[in-house]
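# Commentary on secondary and tertiary structure
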Amino acid sequence: MRRRVIGLLAIALLAAACTAGGGDDSKPAATLDPNAQHDPMTLTVWSNFSGREGKVTTQVLESVKQKYPWMTVKHVQGKDDEAIQRAINGGTPPDVAISFTPDNAARYCDTRAWQDLNPNLQADKIDKQAMWPSAIFSYTQYNNLQCALPMLTDAYGLYYNVDLLSKAGFSEPPKTVSELKTMAEKLTEYNADGSIKVAGFMPLFGAYQNSVNTLGHAYAAKWYDSSGKPSLSTDPNWTKMLEWQKSMVDTMGYDKLQKFFGSLGGGDSEWSAQHGFETGKIAMMIDGEWRNAFIAADKAKVNYATAPFPVDDAQPDLYGSGQVGGTIMGIPKGVKNPAESWLLVKYMTTETSALVTLAKGLRNVPSTTESLKDPELNADEHFSTFMKIFQNPKSTFKPITPIGVTDQDLFGSLAEKHQAGKVGDLQAELVKLDDQIAKQLQLG
Amino acid sequence: MATVSVRPPAAEQARAAERRRRRRRSAWRRQLVALAFMSPWIIGFAVFYVYPILSSLYFSFTSYDILTDPVWVGLANYQFMFTSDGRFWTAVRNTAWVVAIIVPLQIAFGIGAAMVLTRVRRGLGFYRTVFFLPTMVPLVAAALGFVFLLNPGGPVNAVLGFLHLPEPLWFRDPAWAKPGLALLATWMVGQTMIIFLAALLDVPRQLYEAADLEGAGPLQRFRHVTLPMISPVIFFSVVIGVINGFRYFTEAYVVSKSGDWDNPVGTPQDSLLFYTSHLYNQGFEGFHMGYAAALSWVMFVVIMACTLLLIRSSRRWVHYQGGFR
């Protein structure tokens, strides 16, 4: 029996030893003279794009051939972060990876799963601060490792129905959260049975783009303190935000809001013409720049305008900023042709023509300082609002950590309970939450 | 009379030894041939079952994120699970709800539907198909269909409202989210129902006739004839149901994430956070693969213990017609 146990343990250890991945592969930047002769080659790019967006991205990826005639790109769509991680772990990574989850960048940097691009940027004399607005560094680098670069970005702002606001006597969008609350109350209409007919603002977490992230930015609430400890209980701005949001929910009625949101088609309506804002059932909402494209594609008749999202009354200088964050691109460890991969990444993340074409095709915010100057994109006043938000120095993504979206999930769950009136002592729950997040971080 | 033992000559002994060797060689050859025929399965089993199982056992004692080498942490993952992970106990409670409520509900509904079908005289094939059809629907599609049906502003609530009955928020209310999933599970009971139907049709008619002669009513017939006769099938369904209950994932995950992929796993308010959802969340979203491996081993031990308990208890309540077990 004892021999069998020892045998099994030996097999387990052997199995584990066989499974262990490679070590750190950080090295100086692999460089290549782009003008030199080069044998034809194909680079594989993995992304989770699909449909129309996949087609647009493929076209732009293939346009690299104009710059490097020897380079052919094979764009493999429908590959999420899990697939990319499995491929890296299995030693067969794509030459270039695209991820929609910037929250994972910290893990990629921390584990060197995506290579540090700082040596490449330095070798090519690319001044990061001049190339990109500061906001991008909040979600593409971790511990000074630049393991990803932005390929377009998203920015969040306020969409408001001009006709509904004007009918209620408002000519300007709200600039502070208290103005938003007052206006929302006035704009909300009820049916004879007390149910909501039109919501001035849809405050529920989980409804469309309302989240602790997007609304937390309006209060400049800090996820972590300077020592890296979770600060959800120690930064009073979180409590302020949660109480403001709950007061709006309480005013309109939690059950009524849930039924109203359900009557719009729930979360699924977000990507259809039944969206509450597009059908005139919601007067104001927070959303990303992509909504402009959806409104156009859905041929919605809503007369709308965009503005930065209102901010905490006590921090008026925050106005104009917002949460940002978008698609990231990087070079996985273990790629066979890192120098060629870098040329493609550089093209897709720094080349103005490529970014502008992509931005026009996907209707996302272009990510370099130069591409943000594109006259055609700036001419669209609905869209340019988001380009300005992105460039605001106070705009940022939430701090990224090696636990990915776990901190948001834990906080999101507490916020949901709070808005439903299921949290007695909010401060005590936030303290518990900090402890929980700290333990998740310790878990490694 | 004295016996005389005659020792076989040395040559005879050598021949006997040679025969034994040949027999052994022949047996060994037969075993090799059998092993060769079995080797595709053996290799597959070793590579796809034994190796991952042993690997996951090792990983459960490590801090491992898939992307870098595992680091041995001893029992830290297990300690974290029982002492520090608040969501672990939430997931355990929710999973226990599935095992305690949904599994018996499915079995009861399966027996009920099968009993109704045994009484159908015309169109049995049609009704059998109607009951079985939901099983053919992919789980994700079925879950999305129920998200639509049980939308707070959806068709089910429209009917409830018309009848002046309360209109729950279903999947947006933690008190109603699990009952919503129970409805979905009951709707997809076709597989269980078909097994029970076969078992019910297999109960000898003379047992019912004998019970009638003894003056047994419908309830007594069910209690003393039907239930004992289909008890092996009930036992099978309970074991499979309990195992699947512990592994409950897809429907809950789809419902939680429906509408907004950014919803935390377990939405609303962790009411749909089941053990495997938590395991998935820790392993693939939080990159704690070592901890996820520890979670999976605890689940394995619990499932194994429950299955053994059920098997032991079956001696008391499962009746086999031939007396075989």
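Residues numbered from 1 in each chain as written. Chains lettered and ligands numbered in written order. Predicted model: local features only at pLDDT ≥ 70, side-chain atom pairs only at ≥ 80, totals over all residues. Heavy atoms only, no water.

### Side note on the overall build of chain A
Which entries qualify depends on this criterion: Put simply, DSSP H or I for four residues or longer makes a helix, DSSP E for two residues or longer makes a strand, and each gets a number counted from the N terminus. Only C-alpha atoms enter the radius of gyration, while the globule expectation follows 2.2 Å times N to the 0.38, with N the number of residues. Contacts are assigned to residue pairs that have any heavy atoms within 4.5 Å of one another. For every accessible area listed, the method is Shrake-Rupley and the probe measures 1.4 Å; residues are considered covered only by the protein chains on display.
Tallying secondary structure elements over chain A gives 20 helices and 10 strands in all. The C-alpha radius of gyration computed for chain A amounts to 24 Å, which stays within 12% of the reference 22 Å derived for 444 residues, consistent with globular compactness. Principal-axis analysis of the C-alpha atoms gives chain A an extent of 70 × 70 × 35 Å. Long-range contacts, defined here as pairs at least 24 residues apart, represent 74% of the contacts in chain A between residues at least 6 apart. In the form shown here, chain A has an accessible surface area of approximately 18,000 Å², with 52% of it arising from carbon and sulfur atoms.

### Comments concerning the environment of B:Pro264
Stated precisely, the cut-off is as follows: Each residue is assigned to one of three classes by its accessible area relative to the maximum for its type, calculated with a 1.4 Å probe on protein chains only: buried under 20%, partly exposed between the two thresholds, exposed over 50%.
Its location among the elements puts B:Pro264 in the loop between helix 11 (250-257) and helix 12 (275-285). Look at B:Pro264 and you get buried, because its relative accessible area is 10%. Separated by 17 residues in sequence, B:Pro264 and B:Asn281 have C-alpha atoms that sit 9.1 Å apart. Here B:Pro264 is in contact with A:Asp409, A:Gly412, A:Ser413 and B:Ser256, once residues within four sequence places are set aside.

### A look at helix 2 (residues 76-83) of chain B
Basically, it comes down to this: Note that the arc is computed from the directions linking the helix axis to the C-beta atoms.
Within the sequence span of helix 2 of chain B, burial applies to B:Asn77, B:Tyr78, B:Phe80 and B:Met81. All buried residues of helix 2 of chain B fall inside an arc of 160 degrees around its axis, so they share one side. Residues B:Gln79 and B:Thr83 are exposed on helix 2 of chain B and point more than 90 degrees away from its buried face. Against the buried residues of helix 2 of chain B lie helix 20 (426-443) of chain A together with helix 1 (10-59), strand 1 (62-63), helix 3 (86-119), helix 12 and helix 13 (289-317) of chain B.

### Focus: the interface of chain A and chain B
Where the parts come together, the accessible area they lose is often given as the size of the interface. Threshold: Defined here as a combined quantity, buried area equals the accessible surface (1.4 Å probe) lost by two parts on assembly, summed across both. Salt bridge criterion: a side-chain nitrogen from Lys or Arg within 4 Å of a carboxyl oxygen from Asp or Glu. Side-chain atoms alone can form a polar contact between residues adjacent in sequence; in general such a contact is a pair of N or O atoms within 3.5 Å, and within protein one must be able to donate a hydrogen while the other accepts it.
At the interface, 55 residues of chain A touch 47 residues of chain B. Taken together, the two surfaces of chain A and chain B that pack against each other cover about 4,200 Å², and 54% of this comes from carbon and sulfur. There are 2 salt bridges connecting chain A and chain B. The closest approach of N and O atoms between B:Asp270 and A:Lys417, which form a salt bridge, is 3.8 Å. Viewed at the interface, chain B and chain A are joined by 13 residue pairs in polar contact (both at pLDDT 80 or more). Elements with a minimum of two residues in the side of chain A that touches chain B: helix 1 (2-19), helix 4 (81-89), helix 5 (105-110), helix 13 (254-263), helix 19 (406-419) and helix 20 of chain A. Per-element tally for the side of chain A that touches chain B: the top contributor is helix 1 of chain A, with 8 residues.

### Observations concerning the packing of aromatic side chains
Where two aromatic rings form a pair, the distance of their centres and the angle of their planes describe that pair. Which entries qualify depends on this criterion: Stacked, tilted and edge-to-face pairs are distinguished by plane angle, under 30 degrees for stacked and over 60 for edge-to-face with tilted covering the rest, among Phe, Tyr and Trp rings (Trp via its six-membered ring) whose centres lie within 6.5 Å. Working rule: Lys NZ or Arg CZ, within 6 Å of ring centre, within 35 degrees of ring normal, means a charge sits over the ring.
This model, assessed by the stated rule, comprises 38 aromatic pairs over all chains. Ring centres of A:Tyr108 and A:Trp114 lie 4.5 Å apart, and the angle between their planes is 10 degrees; this geometry places the pair in the stacked category. Take A:Tyr108 and A:Trp114: they sit in the same class, and that class is buried. Where B:Phe80 meets B:Tyr291, the ring centres are 5.0 Å apart and the plane angle is 80 degrees; that geometry is what we call edge-to-face. Taken together, the residues span a long stretch of sequence, with B:Phe80 in helix 2 and B:Tyr291 in helix 13 at a distance of 211 residues. On the basis of relative accessible area, B:Tyr291 is assigned to the buried category, the value being 1%. Taken together, the ring pairs connect B:Tyr58, B:Phe59, B:Phe61, B:Tyr64, B:Trp72 and B:Tyr78 into an aromatic cluster. Over the ring of A:Phe294 we find A:Arg291; its NZ or CZ atom is 5.1 Å from the centre of that ring.

### As for the nonpolar core
Residues and elements named next belong to chain A. Here is the rule: Nonpolar cores are built from buried Ala, Val, Leu, Ile, Met, Phe, Trp, Tyr and Cys residues. Side-chain atoms within 4.5 Å join them into one set. The domain boundaries here were taken from an automatic or database domain assignment.
Of all hydrophobic cores here, the largest spans 90 residues; its most connected members are Trp114, Leu344 and Met348. Considering each element in turn, this core owes the most residues, 6 residues, to helix 15 (residues 338-350). When residues are assigned to domains, this core turns out to be shared by domain 1 (10-154 + 324-391) and domain 2 (156-322 + 405-443), each giving three or more.

### Let's talk about empty space enclosed by the protein
Note the threshold: Only protein atoms enter the calculation, which uses a 1 Å grid: trapped sets of points that fit a 1.4 Å probe without letting it out are cavities, open sets showing protein on both sides within 12 Å along at least five of seven lines are pockets, and any residue with an atom within 4 Å of a point is a lining residue. Grid points are joined across faces, edges and corners, and a volume is the space filled by probe spheres set on the points. Gly is put with the polar residues, along with every residue not named as nonpolar or charged; the nonpolar set is Ala, Val, Leu, Ile, Met, Phe, Trp, Tyr, Cys and Pro, and the charged set is Asp, Glu, Lys and Arg.
Inspection of the entire model under this criterion finds 3 cavities of 30 Å³ or more. Considered as a void within the structure, the largest cavity measures approximately 50 Å³ in volume. Lining the largest cavity are A:Tyr156, A:Thr214, A:His217, A:Ala218, A:Ile286, A:Phe309, A:Pro310, A:Val311, A:Ser321, A:Gly322 and A:Gln323. Within the lining of the largest cavity, the residues separate by chemical class into 6 nonpolar, 5 polar and no charged. Volume-wise, the second largest cavity comes out at about 40 Å³. Around the second largest cavity, the lining is made up of 11 residues, and of these A:Leu443, B:Ser63, B:Tyr64, B:His288 and B:Tyr291 lie nearest the centre. For the lining of the second largest cavity, the secondary-structure elements that each account for two or more residues are strand 1 and helix 13 of chain B. Here the residues of the lining of the second largest cavity are counted per class, giving 5 nonpolar, 6 polar and no charged.

### Digging into the domain arrangement of chain B
Residue and element names in this part refer to chain B. On domain assignment, one finds that chain B holds domain 1 (10-59) and domain 2 (77-324). Each of domain 1 and domain 2 has a C-alpha centre, and these two points are 43 Å apart. Taken together, the contact between domain 1 and domain 2 spans 4 residues of the former and 4 residues of the latter. When domain 1 packs against domain 2, close to 360 Å² is buried across both sides, 64% of that on carbon and sulfur atoms.

### Some words on the pattern of salt bridges
All names here are of chain A. Tallying each qualifying case throughout the model produces 25 salt bridges over all chains. Across the pair Glu370 and Lys373 runs a salt bridge, and its minimum N-O distance is 3.4 Å. The class of Glu370 is partly exposed, set by a relative accessible area of 44%. We classify Lys373 as exposed; its relative accessible area is 54%. For the salt bridge of Lys439 with Asp435, the shortest nitrogen-to-oxygen distance reads 2.9 Å. Of the two residues, Lys439 and Asp435 both sit in helix 20, 4 residues apart, roughly one turn of that helix.

### Focus: the sheet that holds strand 1 (residues 41-46) of chain A
Note on sheets: strands pair through backbone hydrogen bonds, and any given pair is parallel or antiparallel. All names here are of chain A. Heads up, the condition is: The rule for pairing is simple: two strands pair if DSSP sees at least two bridges between them. Axes, fitted as lines to C-alpha atoms, cover a helix only where it is in contact. Angles between the N-to-C directions of the axes lie from 0 to 180 degrees.
Spatially, the 5 strands line up as an open sheet ordered 2-1-3-10-4, and their pairing is mixed. The sheet terminates laterally at strand 2 (71-76) and strand 4 (149-150), the two strands that pair on one side only. Here strand 1 pairs with strand 3 (residues 96-99) via 2 bridges, running parallel. Looking across to strand 3, one finds that Val45 is bridged to Val96. The sheet strands contacting helix 15 are strand 1, strand 2, strand 3, strand 4 and strand 10 (328-330), and the helix crosses strand 1 at an angle near 55 degrees.

### Points about the side chain of A:Ser233
Residues and elements named next belong to chain A. By the secondary structure assignment, Ser233 is in the loop between helix 11 (212-217) and helix 12 (236-252). Taking relative accessible area as the criterion, Ser233 reaches 14% and is therefore assigned buried. Apart from the residues lying within four places of it in its own chain, the contact partners of Ser233 are Gln427, Leu430, Val431 and Asp434.

### Thoughts on the confidence of the model for chain B
Quick note on the threshold: Confidence of the predictor at the level of single residues is given by pLDDT, which spans 0 to 100.
Averaged over all residues, the pLDDT of chain B equals 91, while 96% of them reach at least 70. Prediction confidence for the complex, expressed as pTM and ipTM, is 0.82 and 0.76 respectively.

### Observations regarding the side chain of A:Ser269
Here A:Ser269 shows up in the loop between helix 13 and strand 8 (282-288). Non-local contacts of A:Ser269, meaning those with residues more than four positions away in its chain, are made with A:Tyr208, A:Leu264, A:Gln274 and A:His275.

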